[in-house]
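# Observations on the three-dimensional arrangement
If you want the building blocks of each chain, they are given just below.
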Amino acid sequence: MTDTPFLPFAKPDLSEEAIAEVVDCLRSGWITTGPRVKKFEEMLGSYHGGRTALCVSSATAGLQLALLALNLEAGDEVITTPLTFVATLNTIVLAGGKPVLVDIEPGTLNMNMDRLEQAITQRTKVIMPVHFAGLPVDLDPLYALAEKHGLRVVEDCAHAIGAEYKGKRIGSFGDIQVMSFHPNKNMTTGEGGAVITDDPVVAQAIERLRFHGIDRSAFNRFAKFGSQEYDVVMPGYKYNMMDIQAALGIHQLPALDGFIDRRTRLANTYLEKLKSFEAISLPMAPDYPHRHAWHLFTVTIGENPAGLDRAGFIQAMKDHDIGIGLHYPAVHLFAWYRRQFGWQAGDFPAALDVGNRIVSLPLFPTLALADQQRVIDTMRHVLTETPARQKKEI
Ligand SMILES: Cc1ncc(COP(=O)(O)O)c(C=O)c1O
């Protein structure tokens with residue numbers, strides 16, 4: 001073992017102003033949903049071209065509510081990717097839909113657009129693309145197909161706030177987008193998420209569903225000018241965001257573009273310094289103009305002189321005090337999903353292969369260049385040295 005401090009693969013960057021805002025909120029006497037959530041929603045709306053932003057307790061909650069707002073009926077199909085966090089699929093099932101998977105394109109790791117149309121059936125209701133690692137999906141052909149077949153689109157933007165597709169910010173156009181503010185994401189509210197849309201029917205349904213089904217006109221019932229009376233127009237969930245969380249978001253959002261610039265510089269350094277390293281494959285860029293949000297920097301572990309598989313690589317890096325993430329094993333391999341939908345491992349071969357070999361390298365705005373160099377040097381060391389030699393040195 002070394003005596004170097006453990007390097008995590010992700011770490012939030014919280015300013016003193018953000019921390020002070022949380023403390024102010026705690027002292028204010030109003031800590032749950034209130035003025036700070038309202039302000040954060042206004043800021044998020046402006047950041048996304050003046051569209052409506054609705055804060056919720058997580059992106060998982062937001063995805064579920066977005067689908068519920070579209071009134072899925074049993075058997076309605078929602079098309080998504082097998083290379084995602086399982087929340088994407090869970091929300092489809094929990095909203096009453098049936099997930100249908102389209103394999104990934106192995107270079108970009110996003111859903112393979114050439115295979116999308118053949119997955120559309122009479123029962124398809126929604127396409128749910130995931131902008132994997134923060135790389136925008138090719139949205140023009142996707143929206144063209146959605147229009148042709150009369151489908152709704154819910155973009156899982158858990159990785160992609162601040163990304164751009166052909167010069168337009170993700171979330172500033174299209175149908176419905178869902179952002180995540182989990183601490184590993186590009187900006188955080190601790191836990192939290194937001195739904196972005198300009199569809200007033202969807203926005204109203206989400207507003208009700210996120211808070212017990214209570215009509216908004218009665219929402220502010222504890223304030224001086226709010227009403228104690230309220231009506232429930234549908235059974236709803238308890239998926240609201242707290243002001244304590246929004247206090248962070250109010251300061252994280254203005255910092256987001258700077259965070260992404262920093263992530264981009266670090267990602268470019270990884271790309272440059274690892275480009276001729278044969279033991280791994282690097283993510284590839286599509287040819288349409290885009291701004292990658294670089295939520296994750298993933299590589300896939302290939303044949304290597306040390307004979308390490310993914311688990312061996314993660315352990316070897318841990319032994320050198322470097323944290324490595326695993327995003328994600330292909331979702332069609334999970335027991336419940338196999339059983340429920342009869343999926344076989346080989347049904348989605350590209351996702352299967354990548355999902356078995358993918359890892360995420362440390363990437364966060366405050367990652368020091370010296371620490372990044374240590375990651376690169378250690379990777380080269382553990383993947384090229386023979387196991388016996390590594391053991392001696394650890
Ligand atoms: C692709 C994707 N979708 C959805 C989620 C769920 O986000 P949250 O943790 O905010 O519920 C995640 C979280 O990691 C994710 O990676």
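Residues numbered from 1 in each chain as written. Predicted model: local features only at pLDDT ≥ 70, side-chain atom pairs only at ≥ 80, totals over all residues. Heavy atoms only, no water.

## Let's talk about the sheet that holds strand E12 (residues 297-301)
Strands sit in the order E10-E12-E13 across an open sheet of three strands; the sheet is antiparallel. The two strands at the open ends of the sheet, each matched to only one other strand, are strand E10 (280-281) and strand E13 (358-361). The strands that helix H8 (residues 243-274) touches are E10, E12 and E13; relative to E12, the one it contacts most, it runs at about 25°. (Pairing = 2+ DSSP bridges. Helix = DSSP H or I, 4+ residues; strand = E, 2+ residues; numbered from the N terminus. Contact = heavy atoms within 4.5 Å. Axes fitted to C-alpha atoms, helices over the stretch in contact; angles between N-to-C directions.)

## A look at the environment of His149
Within the element layout of this structure, His149 appears in helix H6 (residues 139-149). Judged by relative accessible area, which is 33%, His149 ranks as partly exposed. For the pair His149 and Gln122, spaced 27 residues apart in sequence, the C-alpha separation works out to 9.1 Å. Those residues in contact with His149 that lie beyond four places of it in its chain are Glu117 and Ile120. (Buried < 20%, exposed > 50% of the residue type's maximum accessible area, 1.4 Å probe, protein only.)

## Considering a nonpolar patch on the surface
Nonpolar side chains collect at one region of the surface, where Leu14, Ile19 and Val23 lie side by side and expose about 200 Å² of accessible area between them. Among the structural elements, Leu14 can be located in the segment before helix H1 (16-28). (Patch = residues over 30% accessible without salt bridge, like charges linked within 9 Å, V, L, I, M, F, W, Y side chains within 5 Å. Areas by Shrake-Rupley, 256 points an atom, 1.4 Å probe, with all protein chains shown as cover. Salt bridge = Lys/Arg side-chain N within 4 Å of Asp/Glu carboxyl O.)

## A closer look at the site of the ligand
In the vicinity of the ligand, 17 residues are found, and the nearest of them are Thr60, Asp156, Ser180, Lys185 and Tyr328. The side chain of Thr60 places a nitrogen or oxygen atom 2.5 Å from an oxygen atom of the ligand. Calculation on the ligand without its partners gives an accessible area of 390 Å², and the protein chains cover 92% of this total. Contributing elements (two or more residues each) for the shell around the ligand: helix H3 (59-69) and helix H4 (87-94). Looking at which element gives the most residues to the shell around the ligand, the answer is H3, with three residues. (Near = heavy atom within 4 Å. Polar contact = N/O pair within 3.5 Å; in protein donor to acceptor, adjacent residues only side chain to side chain.)

## Points about the sheet that holds strand E2 (residues 77-80)
Taken in spatial order, the seven strands of this open sheet run E1-E9-E8-E5-E4-E2-E3, and their pairing is mixed. Edge positions in the open sheet fall to strand E1 (52-56) and strand E3 (98-101), since each of these has one partner strand only. Strand-to-strand twist in this sheet, taken as the mean axis angle between neighbours without regard to direction, amounts to 25°. Relative to E3, E2 runs parallel, the two being bridged by four bridges. In the strand pairing of E3, Thr80 is matched with Leu101. Those strands touched by H3 are E1, E2, strand E4 (124-127), strand E5 (152-157), strand E8 (176-180) and strand E9 (193-197), and its axis lies near 165° from that of E8. Where H4 meets the sheet, its contacts fall on E2, E3 and E5, and the angle it forms with E3 comes to roughly 140°.

## A closer look at the side chain of Arg208
Tracing the sequence through the fold places Arg208 in helix H7 (residues 200-209). In this structure the side chain of Arg208 is engaged in a polar contact, spanning 3.0 Å, whose partner is the side chain of Asp215. Setting aside residues no more than four positions away along its own chain, Arg208 makes contact with Gly213, Ile214, Asp215, Val233 and Met234.

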